[in-house]
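Here are the chains, one letter per residue:
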Amino acid sequence: MGDSTLMTDIDDMNKVLHDRSDDSLLNIQDTKDKKLVALHQLYSDLIQVIYFIKPDLLGSVSLRAIELTMTKGMTPTSPFSFVYFGETLAAMGKVEEACRLGECSLYHDCILQHRFLYTRLNLIMFVILTRPIKYNTAGRLALKLIEKNASSSKYKPMVILVAHQTSLFYSEPLQSTAEAHHIGYKAGQQLGDFLTSRWNLQLSITMNYLAGQNLRAVQATVKDDYVKMMKDEKSDFLFGYILLHTQVIALQQGLHTLHAGRVEKLIPSEAELLAKDNSNLIVQIMSKINKLERSILFQQFSSNLLDELNISGTIAEMKLQLRPVLCMGIFLEGLACFMLSHMCPVKKATIARGAVSETKSKPLIERGQSVLTRIRSLAEHSSWNWENKVLLLEAMEMHIMGNLDAAGPLYFSSIRSAREHKFIHEEAVASELAGEYLYERGNHSDAYALFMHSIKCFKEWGADAVAKRVETSVQTKFGTNISHLQAVDVNDKMKRILSLDQQPQQQQQKRSSLDLCS
């Protein structure tokens, strides 16, 4: 990726695909050439490997695969050529084209045998939850393909996995992406593709974690499947479980667990994993994202944290195609930038080594604004996943820039959006930051209500150690006055606070924020 000739060839192929109707793409003739079938299978296998070792080659290999399909005909692994080329287009910012190809690949592959319930469920989810890119036409064509390409049916679980991780996640709610991967897990079990089945299950658990599923449920599922995989002597992709398990335990019990060795006898710690396999690019960046999230939730920042955990820079350097986890890492980077740039005595975050100087504040703000631009682009394709995050980053930007009247409604809109879209953990974060904002402005009664609501949300999420950290912060802030504030009806306060931000006002504040950034 980045080679000028390759980029030109990708653009040319994209134009060819754009000029072809869905009908013609879904009715490409099958090839009878056995050598071509084997060659296409080789490319499909190669793409799955290079993501882990040389991701900048994905564009080149995906282009070759789609060229074979378009010029030589359909093979059982041709659905992969659509979905992987779609991933390349998504990496270049051509998200709608990518989603179209992702849908084509799924329709080629997943809606082949109507004995699976997920066939109709996926069709309904695509029509309801994603952007209107010729869905009715694609849906009708999909039904016509039930009797076609039956030889591709064995690749269903992998196509589901790749399509939702590389392109369709841009437009579908994370909760639906988690469900789609669980469907892929079940399909893999039925087809005997146990490796892809387990991979789908791991991604389903990860997507549920990102969506704010209760941490106790996440921990139980991780532990259960990890033990099963160890018994079956299937160690592939266990690093995802190890990283996730370490993160969940830290949020439940506290940061001390990171240095306490194994919490569960059978599951290694993140430290053990990194000591054993520090060369895996995906392990490295996932570990960085987890550390950044812990720093935000426990408000413990080192002065060089963002130099160590430069998520967007690492993605660019490694030329990684975006995945849901990576997008979340970029959001966390922006949030940390704004939090660090706003460090002051009112915010009781811990600086472990040194302080954030004024000379560092401007670059942090600019970096946060850069991330905000990227998250806004994601929100264009899925307001469900990203609206609350955009609003929170905008609120912090206005707060830092001194536009306090604009910041308040944006904070409250972010809380409401997170609640409406079922992101309980992000509702907790936004509530605490909004509480800090009101505390700074001297509105201690409303600030207390927001802090208590944040604690409630963190506990509902299952992050007991984080909730305890907020409780300690509240005690420190209010001291002897806390007994008076405990008489406050938090539910009534929250209803009143959130009702202050009406939709027209919210849109006006968002427009103002965009104008200021420009």
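Going by the structure above, here's the rest.
Draft legend 1. Representation of the overall build of the protein. Within the protein, the secondary structure is distributed over 27 helices and two strands. Burial analysis of the protein (518 residues in total) assigns 59% to the buried set. Contacts in the protein between residues at least 24 apart in sequence constitute 74% of all its contacts with a sequence separation of at least 6. Surface accessibility of the protein: about 21500 Å² in total, with carbon and sulfur atoms responsible for 53%.

Draft legend 2. Region of interest: the nonpolar core. Residues Leu335, Tyr411 and Phe458 are the most contacted members of the largest nonpolar core, which totals 135 residues. Considering every element that reaches this core, the biggest residue donor is helix 18 (residues 324-341), with 13 residues. Those residues in contact with Leu335, other than ones at most four positions away along the chain, are Ile296, Leu392, Leu393, Met396, Val429 and Leu433. Counting 14 residues, the second largest nonpolar core, distinct from the first, contains Met13, Met74, Phe82 and Phe85.

Draft legend 3. Representation of helix 11 (residues 194-210) in the model. In this model, helix 11 (17 residues) spans 24 Å end to end at C-alpha, consistent with the 24 Å of a helix rising 1.5 Å per residue. The buried count for helix 11 comes to 14 of 17 residues, which makes it a mostly enclosed element. Phi turns positive, to about 95°, at Gly212, one or two residues after helix 11.

Draft legend 4. Molecular detail of the pattern of salt bridges. For the structure on display, the rule yields 18 salt bridges. Among the salt bridges present, the one from Arg441 reaches Asp405, with a minimum N-O distance of 3.5 Å. Note that Arg441 is positioned in the loop between helix 22 (424-440) and helix 23 (444-461) and Asp405 in helix 21 (residues 404-420), a separation of 36 residues in sequence. Arg441 sits in the partly exposed class, given a relative accessible area of 42%. Taking relative accessible area as the criterion, Asp405 reaches 58% and is therefore assigned exposed. Residue Asp446 pairs with Lys493 through a salt bridge whose shortest N-O separation is 3.0 Å. A residue pair is termed long-range when its members are at least 10 positions apart, and Asp446 in helix 23 and Lys493 in helix 26 (residues 490-499) qualify at 47 residues.

Cut-offs applied
Residues numbered from 1 in each chain as written. Predicted model: local features only at pLDDT ≥ 70, side-chain atom pairs only at ≥ 80, totals over all residues. Heavy atoms only, no water. Helix = DSSP H or I, 4+ residues; strand = E, 2+ residues; numbered from the N terminus. Buried < 20%, exposed > 50% of the residue type's maximum accessible area, 1.4 Å probe, protein only. Contact = heavy atoms within 4.5 Å. Areas by Shrake-Rupley, 256 points an atom, 1.4 Å probe, with all protein chains shown as cover. Core = buried A, V, L, I, M, F, W, Y, C linked by side-chain atoms within 4.5 Å. Expected span 1.5 Å × (residues − 1). Salt bridge = Lys/Arg side-chain N within 4 Å of Asp/Glu carboxyl O.

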